[in-house]
Amino acid sequence: MLYLYAPQDMVRYQHALQQALPQHKVQCWPEEVAVGQVDYAVVWNPPAGFFNGMVNLQAVFVLGAGVDRILKRDDLPSTVPIVRLTDAGMAQQMLEYVLYGVLHVQRQMGQYRRQQTLRQWQALTALSAGQTRIGVLGLGEIGGWVAQSLAAMGYAVAGWSRTGRQLPGVQDYIGEAALPDLLARSDILVNLLPATPQTRGLLNAYLLSRLPSGAALINAGRGEQVDEAALLGLLDSGHLRFAMLDVFEVEPLETVHPLWSHPSVLLTPHIAAMTQVQPAVAQISANLQAIKQGQLPHGLVERERGY
Ligand code: NDP
Ligand code: OXD
């Protein structure tokens, strides 16, 4: 039996999973089920205790790319394999999101907005794509696609990862020691890292201030990777000119949070790349069949690594 917890779209997921996996009975939370008979779980942030008693669980399929929350749970035995989504339609959405922020900065849309409020008709100098230096943190399924696509559009792109990745047109920066150099050459920094013990709090006051004066930050990785107080300080001082933020330390962002009303901030409610039912279900069913045939699924999470 497959037990499903998909808070956004339970009915559509149940229908699609049942069609793709007719040999399994798909049941949805909060339906009462014999937990000892659950073979597979398909979930996005299920309630505490969800996995209690699932002694026969063969694998958990996460309806997203990030696994930071599932790895923190205490109701999921460490022996159960966790499989995440790899791209499944999210990389292209992320590219669109990031491109919006890049164009906002490159074409000085914030300044034009301010001029509009003053009814000021004044042309500003725009940088070409080739003069716009973008740094992408994280070159995985999503960051890799974003970095190489921006490079193909003519932007001067550098990417940073733990072990390095050769991508067409993207300068490769590898490991902790290379980060300050990548920051120093990034007019626009795009964070697409997974949240792990190594990346939590990574973008602190010290590292953010390594960015060139007038730089911008686009964060769609995870909120806890950026020190929000430090970011606000650097926006207030003008060292950073713009931040586009999709993820926050606490979500939903508290209504009193100063980021809501900051004139240099554009924020969105964690929607940069949303899971799509059809590609997600196709990937999960292929991975489930692979597991049943004794093969390794794509997107198997390495727990010690944290992603
Ligand atoms: P992947 O696991 O495919 O890629 C992770 C990348 O980060 C790899 O390049 C990896 O390097 C790098 N990395 C991890 N740890 C470090 C480190 N300590 N130092 C340097 N590089 C590091 O992840 P995805 O691309 O699929 O997703 C990335 C993240 O995007 C997700 O974890 C999630 O947090 C976020 N996300 C946000 C969404 C939104 O709507 N806002 C939607 C989807 C995802 P290496 O391969 O060398 O180890
Ligand atoms: C994800 C997300 O990790 O939506 O998939 O943040």
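To start, this report covers the structure provided alongside it. (Residues numbered from 1 in each chain as written. Chains lettered and ligands numbered in written order. Predicted model: local features only at pLDDT ≥ 70, side-chain atom pairs only at ≥ 80, totals over all residues. Heavy atoms only, no water.)

Side note on the sheet that holds strand E5 (residues 82-83)
Part 1: Within the open sheet, the 5 strands sit side by side as E2-E1-E3-E4-E5. Their pairing is parallel. The open sheet has two edge strands, strand E2 (26-28) and E5, and neither has a second partner.
Part 2: Bridge analysis of strand E3 (residues 40-43) against strand E4 (residues 59-62) gives 4 bridges, and the strand direction is parallel. Paired with Tyr-40 across the strands is Ala-59, a residue of E4.
Part 3: Sheet strands in contact with helix H9 (residues 277-292) are strand E1 (2-5), E3, E4 and E5, and its direction is about 160° off that of E4. (Pairing = 2+ DSSP bridges. Helix = DSSP H or I, 4+ residues; strand = E, 2+ residues; numbered from the N terminus. Contact = heavy atoms within 4.5 Å. Axes fitted to C-alpha atoms, helices over the stretch in contact; angles between N-to-C directions.)

Points about the packing of aromatic side chains
Part 1: Applying the stated criterion to the full structure yields 5 aromatic pairs.
Part 2: Considering the side-chain rings of Tyr-3 and Phe-50, the 5.3 Å spacing of their centres and the 10° angle between planes classify their relative orientation as stacked. Note that Tyr-3 is positioned in strand E1 and Phe-50 in the loop between E3 and E4, a separation of 47 residues in sequence.
Part 3: The interplanar angle of 85° and the centroid separation of 5.1 Å between the aromatic rings of Phe-50 and Phe-51 together place this pair among those described as edge-to-face. (Phe/Tyr/Trp six-rings, centres within 6.5 Å; stacked < 30°, edge-to-face > 60°.)

Focus on helix H8 (residues 228-237)
Part 1: Turning to H8, its buried residues are Glu-228, Ala-230, Leu-231, Leu-232, Leu-234 and Leu-235.
Part 2: In this fold, the buried residues of H8 make contact with helix H7 (205-208), strand E10 (215-219), strand E11 (240-245) and strand E12 (265-267).
Part 3: The opening residue of H8, the one whose side-chain oxygen lies 3.1 Å from the backbone nitrogen of Ala-229, is Asp-227.
Part 4: Among the residues trailing H8, Gly-238 stands out with phi positive, at a value near 90°. (Buried < 20%, exposed > 50% of the residue type's maximum accessible area, 1.4 Å probe, protein only. Polar contact = N/O pair within 3.5 Å; in protein donor to acceptor, adjacent residues only side chain to side chain.)

Let's talk about the site of ligand 2
Part 1: Neighbouring residues of ligand 2: Trp-44, Gly-64, Ala-65, Gly-66, Met-90, Arg-222, His-270 and Ala-273.
Part 2: At a separation of 2.7 Å, an oxygen atom of ligand 2 approaches a polar backbone atom of Ala-65.
Part 3: His-270 is positioned with one of its side-chain polar atoms (N or O) 2.6 Å from an oxygen atom of ligand 2.
Part 4: Bound to the protein, ligand 2 loses 84% of the 210 Å² it would expose on its own. (Near = heavy atom within 4 Å. Areas by Shrake-Rupley, 256 points an atom, 1.4 Å probe, with all protein chains shown as cover.)

What to know about the sheet that holds strand E9 (residues 188-191)
Part 1: The strand order across the open sheet built from 7 strands is E8-E7-E6-E9-E10-E11-E12, with neighbouring strands paired in parallel fashion. Strands with a single pairing partner mark the edges of an open sheet, and in this sheet they are strand E8 (170-174) and E12. Direction aside, neighbouring strands of the sheet carry axes that sit 15° apart on average.
Part 2: Sheet topology note: the strand E6 (residues 133-137)/strand E7 (residues 156-161) ladder contains 5 bridges and is parallel. Counterpart to Arg-133 in the pairing with E7 is Ala-156.
Part 3: Its contacts with the sheet place helix H3 (residues 90-106) against E6, E9, E10, E11 and E12, and it is angled at close to 160° to E11.
Part 4: In the packing of H8 onto the sheet, contacts are made with E10, E11 and E12, and the angle to E11 comes to roughly 140°.

Section: the site of ligand 1
Part 1: The environment of ligand 1 is formed by 29 residues, the closest being Arg-84, Ile-142, Thr-163, Asp-246 and Tyr-307.
Part 2: In the model, an oxygen atom of ligand 1 is placed 3.0 Å from a nitrogen or oxygen of the Glu-141 main chain.
Part 3: Between ligand 1 and Ala-273 there is a distance of 3.0 Å, counted from an oxygen atom to a backbone nitrogen or oxygen.
Part 4: Coverage of ligand 1 by the protein chains reaches 92% of its 950 Å² of free accessible surface.
Part 5: Elements with a contribution of two residues or more to the shell around ligand 1: H3, helix H5 (141-152) and E7.

The values reported here are purely geometric and, on their own, carry no functional implication.
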